[in-house]
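What follows is each chain in one-letter form.
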Amino acid sequence: MFVGREAELDLLRAELRLSAAGPARRAVVEGPEGIGKTALIRQALGDASKVRTLAACGDAGERHLRYGIVRQLLPDVAGDDPWTVGQAMCEAIRRSQADGPVVVLVDDAQWADRPSLRALCYTVRRLGGERVLVLVACRDADDPWLPVGLRRLLTGDGACRISLQGLSVAELARLPERAPEGATGGRPPKDMGSPGKAAGTRRRLPGGEKNGEPPPGEESGRAGPALMVLSRGPGATGASTGQASARETLPPQAAARLHAHTLGNPLHARAMLAAFPASALADPGVRLPAPVTYAATFTRRLRSCGPRARALIAACAVLGDGCTLYEAATVARAMAGTAARAGADHSPETGARTEGATGARTPELDALENAVEAGVLVEEAGRAIRFREPLGRAAAYDALGAGTRARLHLAAARIAGDTGAELRHRAAAASGPDEGLAEELARYAAKEAQHGLWHEAATHLELAAGLTHSAGRRDELRTTALEHVLVGGDVVRAAQLAASPNADPRPVRRYVLGRLALAEGRLEDAGRLLEEAWSHREPPYAADVAERLAWLRLLGDDRPEAARWARLALDQPIQSRAARPYDVLALAGDLCPQAPPGSLAEAVRLLREDEVGPAREVLDRAAGELAEAGLPCHRLLALALLAVAEYRDGRWDDAVERAERAVAEAAGLGQRWLLPCLEVVCVAPLAARGEHDRALAHVTAAREEAGRQRSVLGETQADLAMAVLGAGAAPPTAGDAFVPDPRPQLVETFVAEGALQEAQVVLDGLADAGDGPRARAQRARLEGLLFAARNVPAAAEERFTAALELAGDSGCRMEEARVLLDLGRLLRRTGRRRLAAERLQAARADFAGLGARPMVARCAQELEACGLEPAVTARLGLTPQEFSTATLVADGLTNRQIARELLISVKTVEYHIGKIYTKLGIGSRVALAARLAAYGENP
């Protein structure tokens, strides 16, 4: 299975096509070991037919074997110098290309012998009009080992230079879980766990980081020294089986962490996939080692360093990227008594300059220079040091013995810049239970939780649990850690923690498990566990339990009960820092005036009062504050409501991007209970832009997820979203905070179908839709539609004029454009075509600015009826009404959706489609879309 590299494949395929016609082409594919150069070339050549390939591959052991590459390419070629050999190669290649194009492939050119490379350079210069592609793969096209002339040919004008980077996170997620050739998976690091543990258990490993930096393999940005490795017993599946797993894609968190660890290198990523299950890759508490595919190369680099450089590298592995040379050198002194000191005078570093400007020795600088030259470390501004690749730190840490690691961590603790880093290093150095250190970690975690550092606090509690001797205390600490992870929004990690054995008998354990069940969408389990926890009403957790029960009742669409539980949460004497009962109270329909300013509750109130601009400001600010507070669950709700506000404000592109990003983030965090409401937020802006298939996919996803969870609210929201698409009847409810009220569209549909009495009933019900200028403008426009349908044009025009003034006051471009369209239609039908055209052109400009393609088509239809018919309708032989219908058919709309868009009946749509097929001589919607595309009229 080949993943990604579409652009690179296209480039290589283009070179193959050009070389087949002549003249000769040159291409080079460069990138580090394991990046996929050979796989890319094989894929490109595998797609080519009638191409002869002359291939050779360099080898480090044969680098000094004269003409070894030439003999692989053309065994019969002989000669004593590169010019004679090159001329013979030219003649042989010319004979070969007589029967078809030829590819001369040299893979791993950095290991090729110099005489062969010089001969190849001679040959390339003299392949003029031949149908040949010379393709070279190497780690760096500027490698000095390649002759200067060959480098110029491969990188100069007329050459195709393809530099491969790592795969993206999305591409890594699609990699097959299969071991690469020769790999046996990640090398298990040396750890402190006792032998004989069952396969699949998690064992505490020492590890370290500087000032909160994640240890090797940790997810970036999340402090967490809880270093573990998955222990595989004799029966564990390894990579050597070569069998692909049944999974289709890697979970987003696992793919992101794998990308951070391997930088997207396919060889190393596949080795990690073969050695670790997805759950371990996604868990930031599991330390990821360097795979065997990388460790061997790194070991060679490490052995080329002297003792001082190796000590410096070991210190950097413990401290982490970003440490300074002074800090690393200070910690490295902990390795005194090892070869770092014993062999200092005979190490490779001594060949470097050892005298500073003042004549003093500079052993630290010499060691750094040695490590940089070996390709292990990189020096940055301010004498900061980092590893060249993240895998380098993992490999360096894996190479340390237990005693060395402990000494280095203790040294790092002594120079740590903050309490958290000191505690983590001390924990990593511990050789067994340490009750005093465990309590220090627990106290520090409590302070972090007070500042919203939920994941950091959870990590420190996990460390504390591993250091306490008491089983009861260990379970209590892990229950609190689980709660912090849940509050921090990472349901995937929380589920992994919850799967560990825990005999904590306290009611708070029921609350935490109930919170997890709610987040995972297991609503029945959540109700049982939370009600059991509420029966004890422990003051520290009572407010949180009541708030979770309020959310649970809201998902059951029992808004009165949701409001009651939210008030119960507010009545509790102790409120947690993460509590937001006002938010669920507002979403339940109770706009409590005591809601704090800047909260989601205030934004919901502003949206209901039609104050879209102020609501956007509140939500934008709230999303940032919630991110700083470490509350992604509430932040996702803020982003969803912000997308709703942007849709109502005509910012449809922003709304779609924000809503779909929220869906992806919620799925990655495992916040399944939020998915239905986040999915339906995407529907309205997509439908307004005419992307009905994409909108329908979101509705389908929301309905399926709601059904899986048995979420009544989610199913109701999906029904509302389907009604917004015009593909279902509107539910009896007026609307939802996350889905626009579908009743205005229902009025338009009834008017189009001539069901004026039904339209009037729905319109009368819109009196509860608010009293802001936007809502009043909408009602006035719908009243105008009804008057027009009843053939009372004067009253209709009066209502449209009033609606236009209200829409202008509200600043809603969409509603203003709709009024202009309806008024233009009325003016045309009453014979005032010139005035109608002015209104319609203004409406079309507004719709085009909003990206409302279906509405632009409706304006075009009316303008055509005014006599402003575009040339394409004449060429196609369609009437303006038929052309508008054809455009919407090509957009993928159903007959019912087209009827709603054009305000005509479904039977009229069917009649128009039949006429269109007859006039154009076609018989399907696909053919119609192709015909319009040929005229440049298919959007």
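The sections below set out a description of the structure shown in this document. Values in this document were obtained by computation on a predicted structure and should not be read as measured data. (Residues numbered from 1 in each chain as written. Predicted model: local features only at pLDDT ≥ 70, side-chain atom pairs only at ≥ 80, totals over all residues. Heavy atoms only, no water.)

Of all the 10 residues making up helix α9 (residues 266-275), 8 are buried; the element is thus mostly covered by neighbouring parts of the structure. Where α9 is concerned, the buried positions are P266, H268, A269, A271, M272, L273, A274 and A275. Sitting at the amino-terminal end of α9 is N265, which places a side-chain oxygen 3.0 Å from the backbone nitrogen of L267. (Buried < 20%, exposed > 50% of the residue type's maximum accessible area, 1.4 Å probe, protein only. Helix = DSSP H or I, 4+ residues; strand = E, 2+ residues; numbered from the N terminus. Polar contact = N/O pair within 3.5 Å; in protein donor to acceptor, adjacent residues only side chain to side chain.)

Orientation of helix α28 (residues 600-608) relative to helix α29 (residues 612-628), taken along the N-to-C sense of each, is 160°, at an axis distance of 8 Å. By the angle between their axes, α28 is roughly antiparallel relative to α29. Like other packed secondary-structure pairs, α28 and α29 cross with a definite hand, here left-handed. Contacts between α28 and α29 involve L600, E602, A603, L606 and L607 from the former and P614, A615, V618, L619 and A622 from the latter. (Axes fitted to C-alpha atoms, helices over the stretch in contact; angles between N-to-C directions. Parallel < 35°, antiparallel > 145°, perpendicular 65-115°, else oblique. Left-handed = near helix turned anticlockwise from the far one by under 90°. Contact = heavy atoms within 4.5 Å.)

Of note, C866 is situated in the loop between α42 (853-865) and α43 (871-876). Residue C866 is classed as buried on the basis of its relative accessible area of 14%. On a C-alpha basis, the gap between C866 and R832 in space is 9.1 Å, while along the polypeptide they are 34 residues apart. C866 has contacts with R828, R833, A836, A837 and L840, leaving out every residue within four places of it along the chain.

Moving on, we come to the side chain of D490. Tracing the backbone through its elements, the reader meets D490 in the loop between α21 (471-487) and α22 (491-498). Polar contacts involving the side chain of D490 include one to the side chain of Q253, which spans 3.2 Å.

What follows is about the sheet that holds strand β9 (residues 377-380). The 3 strands lie next to each other as β8-β10-β9, forming an open sheet whose pairing is antiparallel. In this open sheet, the two edge strands, each paired with only one partner strand, are β8 (323-324) and β9. Inspection of the sheet shows β8 paired to strand β10 (residues 384-387) by 2 bridges, in the antiparallel sense. Note on β10: the bridge partner recorded for C323 is I385. Of the strands in this sheet, β9 and β10 touch helix α15 (residues 363-373), which is tilted by about 120° from β9. (Pairing = 2+ DSSP bridges.)

Next up on the list: the side chain of R515. Within the secondary structure, R515 is located in helix α23 (residues 507-519). Put simply, R515 is tucked away with no salt bridge, and the nearest opposite charge, on D544, sits 4.7 Å away. Polar side-chain contacts of R515 include one of 2.7 Å to the side chain of Y511. R515 has contacts with L486, V487, L530 and R548, leaving out every residue within four places of it along the chain. (Lys, Arg positive; Asp, Glu negative; His and termini not counted. Salt bridge = Lys/Arg side-chain N within 4 Å of Asp/Glu carboxyl O.)

A side chain of one charge can pair with a side chain of the opposite charge when the charged atoms of the two come close. Across all of its chains, the model carries 55 salt bridges by this definition. Between R567 and D590 there is a salt bridge, with its nearest N and O atoms 2.2 Å apart. Of this pair, R567 sits in helix α26 (residues 559-571) while D590 sits in the loop between α27 (581-587) and α28, and the two are 23 residues apart along the sequence. Since its relative accessible area comes to 22%, D590 is described here as partly exposed. When the shortest N-O distance is used, the salt bridge between D649 and R616 registers 3.1 Å. Placement of the pair is D649 in the loop between α30 (632-648) and α31 (652-669) and R616 in helix α29, with a sequence separation of 33 residues.

Limitation: the analysis is restricted to geometry and does not speak to function.
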